[in-house]
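Structural overview for review
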2 protein chains.
Amino acid sequence: MHGNEADVERYRPMNVRTLCLGILWFEEATGYEIRKQASEGCFSHFVEASYGSIYPALNKLTDENLVTWRTETQEGKPSRKVYSLTEKGRAALIEALHETPKPDVIKSEFLFVGLFAEHLDKTFMTSVIDTRIAELEADLARLREEMATVDHSGSRFAIGYGMALYEAELNYIKNTRGLIEAGADPRQAAE
Amino acid sequence: MHGNEADVERYRPMNVRTLCLGILWFEEATGYEIRKQASEGCFSHFVEASYGSIYPALNKLTDENLVTWRTETQEGKPSRKVYSLTEKGRAALIEALHETPKPDVIKSEFLFVGLFAEHLDKTFMTSVIDTRIAELEADLARLREEMATVDHSGSRFAIGYGMALYEAELNYIKNTRGLIEAGADPRQAAE
DNA sequence: GTTCACATGTAACAGGTTACATGATTGG
DNA sequence: CCAATCATGTAACCTGTTACATGTGAAC
């Protein structure tokens, strides 16, 4: 009864496949909901995924018997495919988690722009900085809300982690923006 | 004298092309040195690039007259192609910087593992956490060193930014590790 | 009637990485 | 002679995004 299960892939942690397994660990969900959690929910500040990768991933996971699905017909909404983890899927996630996590990666276009601040005009830099501050404050507010609704300790750790980072960024930017906002003459920055 | 320059690409900020332009802004460099700066130097905590993308990028930038190169023969080392920005390249970078920077992205496998801490054994989590702490401390030390050698205000901003983040992460992990280290029974975490 | 949220999916493309191929020169 | 560092490059692959295609039913 095993057939072509032999070619189950090696699990590199933290691709969309593993993300799907992770989200499904907590509760069954549709592809649509998985995307929503990845880009709005408690995972959203440190992962990312779009439909174009999630749906194919779910199909593949189905082929490998790591997830199953049933059709759920709803009143007032289109019917949907609700996925849930199988025993094998659960085991696969745990296995994936045992790979040593790669170091965190921060990608920041904001910092890159900041490097060349002295060659951009002050008005522009001010607006870039203000935008970044607004974004950070919005993110922080969202996390604060989520923190209030979540009970699970791992999730609280992750949310708190995000909050700590965002707060640090915010404080740093507010206190140090002079360094990149001083306009064409950086020697005035200390003033 | 313009010929096929018409098909100069739109600049989406923060791909390897733009990264090369950015590094070359400060000083001329070889592909080898650009990679080094991207993975070790002052850029390294918020960008990434490998040979396989840098060399082709430099060739393309040459085709578009955004950079030029000369061969430098060295004694005791293989000769090398030293790239530098052209006027046009300088202008292209400034243009690219005017695109509104996309929000920072944090990718953290560590946090993902933390979410499932209660299903992993305590020894493993302890080692994951200790590893992460060691990494952060090493990164911090590296940034502190760099901060001491750098004078340029934009660079100091970027380095300080990294330090602020790493310090916040470090403190958070040290203070809160109990949440994900408590072992199989998360209800004991508060103890 | 049209816009919105729900819902699933694909194909073309972009943008990288990895591993390989090659080679000079130094130092142990 | 072997390993390490410097140095350049390519080809195969991987992974994910964007944009498109399609459709339901609610609410305005």
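Computed from a predicted structure; not experimentally measured.

Secondary structure assignment for chain A yields eight helices and three strands. The contacts in chain A between residues at least 6 apart in sequence include a share of 59% that link residues at least 24 apart. Per element, the accessible surface of chain A, about 9,700 Å² overall, is 51% carbon and sulfur.

Looking now at the interface of chain A and chain B. Contacts between chain A and chain B engage 60 residues on the former and 60 residues on the latter. Approximately 6,200 Å² of surface area, both sides summed, lies buried where chain A meets chain B, with 73% of it carried by carbon and sulfur atoms. Counting the contacts that link chain A with chain B gives four salt bridges. With its nearest N and O atoms 3.2 Å apart, the salt bridge here joins D104 of chain B to R132 of chain A. Across the contact surface, chain A and chain B share 21 residue pairs in polar contact (both at pLDDT 80 or more). Contributing elements (two or more residues each) for the side of chain A that touches chain B: α1 (16-26), α4 (87-97), β3 (105-107), α5 (109-115), α6 (122-149), α7 (153-176) and α8 (178-181) of chain A. No other element matches the 15 residues that α7 of chain A contributes to the side of chain A that touches chain B. Pairing between β3 of chain A and strand β3 (residues 105-107) of chain B: three bridges, direction antiparallel. Note on β3 of chain B: the bridge partner recorded for V105 of chain A is K107 of chain B.

Our next topic: the protein's contact with DNA strand C. Within the structure, DNA strand C sits among 21 residues, and Y55, Q74 and K81 of chain A together with S50 and S53 of chain B are positioned closest to it. The sugar-phosphate backbone supplies 69% of the atoms of DNA strand C found within 4 Å of the protein. One of the side-chain N or O atoms of Y55 of chain A is found 2.9 Å from a phosphate oxygen in DNA strand C. Here S53 of chain B contributes a side-chain N or O atom positioned 3.0 Å from a phosphate oxygen of DNA strand C. Elements that contribute at least two residues to the surface near DNA strand C include exactly α2 (31-39), α3 (51-63) and β2 (77-85) of chain A together with α3 (51-63) of chain B. Per element, the largest residue contribution to the surface near DNA strand C is five residues, and it comes from β2 of chain A.

We now examine the packing of helix α1 (residues 16-26) of chain B against helix α4 (residues 87-97) of chain B. Residue and element names in this part refer to chain B. In contact at an axis separation of 10 Å, α1 and α4 are set at 120° when each is read in the N-to-C sense. Like other packed secondary-structure pairs, α1 and α4 cross with a definite hand, here left-handed. Residue-level contacts link T18, L21, G22 and W25 of α1 to G89, R90, A92, L93, I94 and A96 of α4. Residue classes in the contact of α1 with α4 are distributed as six nonpolar, three polar and one charged.

A separate point is the relation of the copies chain A and chain B. Once turned by 180° and shifted 0.0 Å along the axis, chain A lies on chain B with an RMSD of 0.1 Å. With respect to symmetry, the two chain copies, as superposed, fit the operation of a two-fold axis. Measuring from the rotation axis to each C-alpha of chain A, the shortest distance belongs to I106 of chain A, at 2.3 Å.

Calculation rules
Residues numbered from 1 in each chain as written. Chains lettered and ligands numbered in written order. Predicted model: local features only at pLDDT ≥ 70, side-chain atom pairs only at ≥ 80, totals over all residues. Heavy atoms only, no water. Helix = DSSP H or I, 4+ residues; strand = E, 2+ residues; numbered from the N terminus. Contact = heavy atoms within 4.5 Å. Areas by Shrake-Rupley, 256 points an atom, 1.4 Å probe, with all protein chains shown as cover. Buried area = accessible area lost by both parts, 1.4 Å probe. Salt bridge = Lys/Arg side-chain N within 4 Å of Asp/Glu carboxyl O. Polar contact = N/O pair within 3.5 Å; in protein donor to acceptor, adjacent residues only side chain to side chain. Pairing = 2+ DSSP bridges. Near = heavy atom within 4 Å. Axes fitted to C-alpha atoms, helices over the stretch in contact; angles between N-to-C directions. Left-handed = near helix turned anticlockwise from the far one by under 90°. Nonpolar A, V, L, I, M, F, W, Y, C, P; charged D, E, K, R; others polar. Least-squares fit on C-alpha atoms with pLDDT ≥ 70 in both.

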